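Structural description and commentary
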Amino acid sequence: MMDGSFASGSAHLARLAAPAKRIQQVQLADGRIPWFEDGPWDPWNHVECAMALTAMGALDASADAFDHLADAQRRDGAWLGEYGNVLPMVDRDYISREPAPAFLDSNFCAYPAVGVLHYLLATGDLQRVRDWWPMVRHAIDFVLALQRTDGTISWSFEAMGTDEDDALLAGNSSIAKSLECAIRLAVILGEDTSGWIAARKVLVHALRHRPDVFDRKGRGARFAMDWYYPVLSGALTKIVAKRRIEAGWETFVAPAHGCRCVSYEPWVTVAETAELAMALISVGDRQQAEALLRKLDTLRDTSGVYWMGWQYVEHTVWPKEAPTWTQAAVILADGALRGSASHSRVLVEPVL
């Protein structure tokens, strides 16, 4: 691997040079990777970007991102993550750069475990990972303090015990994968995992058998992430996962364009399409995954950076933003499709 250089004889890696550089251009001196210039920051998307930098060999930038997480972690093990998705549009094309509301989101706080395991598998740098281990352990303990007896985990610390308390299906699915990666890290480092194994077991049971305990407010079913994230979680058997993909395909996939973010909007998004491709890879449908990723090549600016999405009724890029996490999702999906190294499979195969 090269550090900071994206030149490669491989055509598909060269194709990803501009997205990777976009992430580095937005990364701040302290290691933070916000959504875009002067934009919101949250630990989940920050880690996704760090993983993409790791995958592309930008190891100094990736390590800076994880170092920032360790430095910025609160005493309770959490991070305040900003909800950029609720920011208004400043005009027809651009998202406002005003401060976004911030929460101690359980899914956001669990995800560093995935990124740290990915870094270890990519680099073999056990010493750095030992340095980051207390951060991972503390974060997972914070998240599991929000777990109920039915296995589900509240979406945020602030929501616990209020009318806004709920267990989000996509978020809990992502946490299941984060717990899997945290347990793998603990095993490698010789740490006790018994409590985490038990917590993951009841969460997986809920994801498999208790749809009634998730999304009790009925807000999630319209989002594509609630459709494919249970597949990405690794909690479902392959047969059940394939059936889930098939059941939601017509609802969420615009065949000529990609994956809709929201079922009833004529808007496909690059990140959701890339994540759906990873879900397809996880169930063995590599051909359909590659077809989806090929569609995304039309949603790039002149430098090769990916736009956030495409409004296919109005035939326009919308919004005219190129978030860092959009670039990261494509890089990771491409790696999962084409890569054979263990780190490239973290999001599409069991790691335990």
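Note that the structure is predicted; figures quoted are calculated from it, not measured. (Residues numbered from 1 in each chain as written. Predicted model: local features only at pLDDT ≥ 70, side-chain atom pairs only at ≥ 80, totals over all residues. Heavy atoms only, no water.)

Side note on the state of the cysteines
Keep this limit in mind: Disulfide: a pair of cysteine sulfur atoms within 2.5 Å of each other. The rule is simple: take the accessible area with a 1.4 Å probe, protein chains only, and divide by the maximum for that residue type; under 20% is buried, over 50% is exposed, in between is partly exposed.
Summed over the entire model, instances satisfying the criterion amount to zero disulfides. The cysteine Cys49 is free of any disulfide, with Cys109 supplying the nearest cysteine sulfur at 17 Å. Distance from the sulfur of Cys181, which forms no disulfide, to the nearest cysteine sulfur (Cys109) is 16 Å. Residue Cys181 is classed as buried on the basis of its relative accessible area of 0%.

Re the side chain of Gln147
Here is the rule we go by: Secondary structure is summarised from DSSP: a helix means a run of H or I of at least four residues, a strand means a run of E of at least two, and numbering begins at the N terminus for each. Any pair of nitrogen or oxygen atoms within 3.5 Å is treated as a polar contact; in protein, a donor-acceptor pairing is required on top of that, and neighbouring residues in sequence qualify only through side-chain atoms on both sides. Contacts between residues were defined by any pair of non-hydrogen atoms, one from each residue, lying within 4.5 Å.
Here Gln147 lies in the loop between helix H7 (126–144) and helix H8 (169–189). Within polar-contact distance, the side chain of Gln147 engages the backbone oxygen of Ala199 at 3.1 Å. Those residues within four positions of Gln147 in sequence are excluded, and the remaining contacts are Thr152, Ile153, Ala199, Val202 and Leu203.

Some details on the nonpolar core
The condition that has to hold: Residues enter a nonpolar core if they are buried and are Ala, Val, Leu, Ile, Met, Phe, Trp, Tyr or Cys, with the set joined through side-chain atoms within 4.5 Å.
Ranked by internal contacts, the top residues of the largest apolar core, which has 123 residues, are Val136, Ile140, Tyr228 and Leu276. When residues in this core are grouped by element, the largest group, 11 residues, is from H8. Ignoring any residue separated from it by four or fewer positions in sequence, one finds Ile140 in contact with Ala110, Ala113, Leu179, Ala182 and Trp196.

Overview of the pattern of salt bridges
So the rule is basically this: Salt bridge criterion: a side-chain nitrogen from Lys or Arg within 4 Å of a carboxyl oxygen from Asp or Glu.
Applying the stated criterion across every chain yields a total of 19 salt bridges. Put simply, Lys177 and Glu180 hold a salt bridge, and the shortest N to O gap is 3.5 Å. Of the two residues, Lys177 and Glu180 both sit in helix H8, three residues apart, roughly one turn of that helix. Both residues of the pair, Lys177 and Glu180, belong to the buried class. Taking the shortest distance from any N to any O, the salt bridge between Arg338 and Glu290 comes out at 3.9 Å. You can see Arg338 sitting in helix H14 (residues 324–338) and its partner Glu290 sitting in helix H13 (residues 286–295), a full 48 residues away along the chain. Using a relative accessible area of 30% as the deciding quantity, one classes Glu290 as partly exposed.

These figures capture arrangement, not role.
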